[in-house]
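Inside the fold
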Amino acid sequence: MKFFIINSGSSSIKYQVIEMKTETVLATGLVERIGEETGRLKNTFLPGTATQRETVLEQQIADHYSGMMLVISLLTDKAHGIIKDTSEISAIGHRVVHGGEDFRESTRITPKVIEALQRNIPLAPLHNPANLDGIRVAMDIFPTVFQVAVFDTAFHQTMPPRAFMYALPYQLYEQDRVRRYGFHGTSHRFVAGECARLLAKPLDECNLITVHLGNGCSMTAIENGRSIDTSLGMTPLEGLVMGTRCGDLDPAIHLFLKQNKGMDLEAIDAMLNKESGLKGLCGMNDMRDIHQAVASGDARATLALEVQTYRNRKYIGAYMAVLGRVDGIVFTAGIGENDDIVRAESLKGLEVFGVHLDPEKNRLRSKEARRISREDSSVRVFVIPTNEELAIAREVANVLRG
Ligand code: AMP
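Keep in mind the model is a prediction, meaning the values are calculated, not measured.

Concerning the environment of Thr 235
Following the sequence through the fold, Thr 235 ends up in the loop between strand E11 (226-230) and helix H7 (253-261). Classification of Thr 235 by relative accessible area gives partly exposed; the value is 37%. Considering only alpha carbons, one finds Thr 235 and Ala 124, 111 residues apart in sequence, at a separation of 7.4 Å.

Here it is in structure tokens:
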């Protein structure tokens with residue numbers, strides 16, 4: 001049984017074909033620069049397929065439909081493809097950024113679901129239209145195939161109002177649904193499930209703090225397997241210090257910037273999303289570059305690292321207070337999986353709460369899910385690689401099973 005997983009952006013389509021019996025990725029690829037003069041498609045058939053190979057095509061790709069057709073022509077290529085025709089695809093999973101309050105779970109796509117996604121565009125004006133493009137094209141090309149929308153926000157719909165409400169005039173919630181939604185839900189849910197397996201406990205008995213540190217960063221407090229608080233907000237800007245996003249901020253800074261720098265709201269928003277975070281502090285947003293700069297004595301790189309890890313520590317402390325008992329803290333995503341220094345600094349001083357890292361285990365590099373806390377640590381600490389595509393595929397399988 002093969003699933004096609006699609007992550008459609010405004011000018012790109014990222015995809016995987018996964019054999020669900022073995023959860024093996026057969027093909028992975030990216031169509032980019034859709035609508036530009038020269039588009040690009042890179043497709044890789046992975047080890048285990050008969051024709052393990054990489055293909056790069058550079059040509060004009062007018063729209064998402066043309067991009068998807070190009071992908072399908074490679075997948076079904078008589079000499080090198082991995083499927084005979086599109087009927088070999090049993091189901092399709094679409095990543096959708098914002099489900100608003102309409103979607104608490106991954107959902108089979110129907111015309112009603114598409115209408116609801118359209119209604120939610122004001123909540124994610126950059127992302128949801130691009131996700132919808134991918135859905136419409138796939139519905140056209142695969143009209144009879146079971147298709148599922150998997151939302152970044154759905155896992156966090158279990159948050160209680162005390163966690164998701166902003167202290168703003170209540171009408172803004174009633175009329176415009178201004179509230180915290182949270183993102184990266186598919187990743188938080190996936191690593192929580194893997195962590196429960198490592199703890200040998202049912203997920204619905206686990207209290208966890210999941211720490212997703214990549215280019216985007218977020219943290220979630222999980223009580224009995226359900227998200228009860230998370231750091232990203234109505235948009236993916238709140239909370240932790242990210243690659244280029246600022247995280248928590250005094251909202252009055254907007255007015256200060258307008259009055260003192262003559263910036264309009266669009267310019268401020270662009271700055272907070274694209275020129276802030278680690279990049280704003282030290283000019284670099286890749287943590288590997290920041291470590292190199294720290295090693296050569298760069299004071300601003302050191303500051304950026306300190307600001308990020310201090311914020312992580314504050315959030316972990318807050319979520320420990322929210323949860324009371326914590327069975328595990330899980331680090332995931334590019335930085336969380338690879339960076340022992342960030343992990344150690346983020347947990348510094350938490351020994352008093354029963355968090356004891358094993359420095360050797362923490363330093364060990366591996367692609368495997370692993371425990372990095374000492375045997376006597378009452379809160380166990382794990383590194384668990386996230387796998388968003390596989391997480392989406394498992395969600396599709398769940399919906400398919402009904
Ligand atoms: P992601 O968004 O999960 O793909 O994570 C991307 C980020 O992970 C990059 O911008 C890097 O800052 C970080 N990263 C990737 N590999 C490493 C590594 N080996 N050590 C430290 N940070 C890393």
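The discussion continues.
Concerning the pairing of strand E3 (residues 24-32)
Pairing between strand E2 (residues 13-19) and E3: 7 bridges, direction antiparallel. By the bridge assignment, Val 17 is partnered in E3 with Ala 27. Between the end of E2 and the start of E3, which pair antiparallel, lie 4 residues, with Glu 23 showing a positive phi angle near 50°. Across 6 bridges, the pairing between E3 and strand E4 (residues 39-45) is antiparallel. Along E4, the bridge assignment pairs Gly 29 with Asn 43.

Quick look at the pattern of salt bridges
Tallied over the entire structure, the rule returns 25 salt bridges. Salt-bridge contacts for Asp 358 lead to Lys 361; the nearest nitrogen and oxygen are separated by 4.0 Å. Look at the salt bridges and you will find they share partners, linking Glu 23, Glu 194, Arg 197 and Arg 394 into a network.

Quick look at unusual backbone geometry
Generally, phi is negative for residues other than glycine and the peptide bonds are trans, each holding for most cases. A positive phi angle, near 60°, is found at Arg 177, a position not held by glycine. If you trace the backbone, Arg 177 turns up in the loop between helix H5 (170-176) and helix H6 (185-199). Given the relative accessible area of 32%, Arg 177 is considered partly exposed. In this structure, Ala 333 takes a positive phi of about 75° despite not being glycine. Mapped onto the elements, Ala 333 comes out in helix H12 (residues 333-338). By relative accessible area, Ala 333 is classed as buried at 6%.

A look at the sheet that holds strand E14 (residues 380-383)
With respect to topology, 6 strands assemble into an open sheet ordered E11-E10-E9-E12-E14-E13, the strand pairing being mixed. Where the open sheet ends on each side, the last strands, each with one partner, are E11 and strand E13 (370-371). Pairing of strand E10 (residues 217-223) with E11, which is carried by 4 bridges, proceeds in the antiparallel orientation. When the sheet's bridge partners are listed, Glu 223 is paired in E11 with Arg 226. Those strands touched by H6 are strand E9 (208-213), E10, strand E12 (328-332) and E14, and its axis lies near 130° from that of E9.

Topic: the site of the ligand
If you check the shell around the ligand, you find Gly 214, Asn 215, Asn 285, Asp 286, Met 287, Arg 288, Ala 333, Gly 334, Ile 335, Asn 338, Asp 339 and Arg 365 and nothing else. Within the backbone of Met 287, one N or O atom sits 2.7 Å away from an oxygen atom of the ligand. Alone, the ligand offers 500 Å² of accessible surface; in the complex the protein occludes 71% of this. Those elements giving two or more residues to the shell around the ligand turn out to be helix H10 (287-295) and H12. Among the elements that take part in the shell around the ligand, H12 stands out by supplying 4 residues, more than any other. Here the residues of the shell around the ligand are counted per class, giving 3 nonpolar, 5 polar and 4 charged.

Overview of the UniProt feature "site: Transition state stabilizer" (unreviewed entry) in the chain
Sequence positions flagged by UniProt for "site: Transition state stabilizer" (unreviewed entry) are, in local numbering, His 184 and Arg 245. Examined against the element boundaries, His 184 turns out to sit in the loop between H5 and H6. Using a relative accessible area of 13% as the deciding quantity, one classes His 184 as buried. In this fold, Arg 245 is placed in the loop between E11 and H7. There is a polar contact of 2.6 Å between the side chain of Arg 245 and the backbone oxygen of Pro 236.

Things to note about the sheet that holds strand E6 (residues 89-96)
With mixed pairing, the 8 strands of this open sheet are ordered in space as E5-E4-E3-E2-E1-E6-E8-E7. A strand with exactly one partner marks an edge of an open sheet, and here the two such strands are strand E5 (53-59) and strand E7 (107-108). Both strand E1 (residues 2-8) and E6 contribute to a ladder of 5 bridges, which runs parallel. The partner of Lys 2 across the bridge, within E6, is Ile 89. Sheet contacts for helix H3 (residues 128-141): E1, E6 and strand E8 (146-151); angle to E6, the most-contacted strand, approximately 165°.

Let's talk about the UniProt feature "binding site: Mg(2+)" (unreviewed entry) in the chain
Feature annotation in UniProt places "binding site: Mg(2+)" (unreviewed entry) on Asn 7 and Glu 388, given in this structure's numbering. Across 382 residues in sequence, these annotated residues keep their C-alpha atoms within 10.1 Å of one another, forming a single compact spot. Following the sequence through the fold, Asn 7 ends up in strand E1. If we ignore the near neighbours within four places in the chain, the residues touching Asn 7 are Ser 12, Ile 13, Lys 14 and Arg 95. Along the polypeptide, Glu 388 turns up in helix H15 (residues 388-401).

Calculation notes
- Residues numbered from 1 in each chain as written.
- Predicted model: local features only at pLDDT ≥ 70, side-chain atom pairs only at ≥ 80, totals over all residues.
- Heavy atoms only, no water.
- Helix = DSSP H or I, 4+ residues; strand = E, 2+ residues; numbered from the N terminus.
- Buried < 20%, exposed > 50% of the residue type's maximum accessible area, 1.4 Å probe, protein only.
- Pairing = 2+ DSSP bridges.
- Salt bridge = Lys/Arg side-chain N within 4 Å of Asp/Glu carboxyl O.
- Contact = heavy atoms within 4.5 Å.
- Axes fitted to C-alpha atoms, helices over the stretch in contact; angles between N-to-C directions.
- Near = heavy atom within 4 Å.
- Polar contact = N/O pair within 3.5 Å; in protein donor to acceptor, adjacent residues only side chain to side chain.
- Areas by Shrake-Rupley, 256 points an atom, 1.4 Å probe, with all protein chains shown as cover.
- Nonpolar A, V, L, I, M, F, W, Y, C, P; charged D, E, K, R; others polar.
- UniProt positions renumbered as here; feature names shortened; annotations may be inferred.

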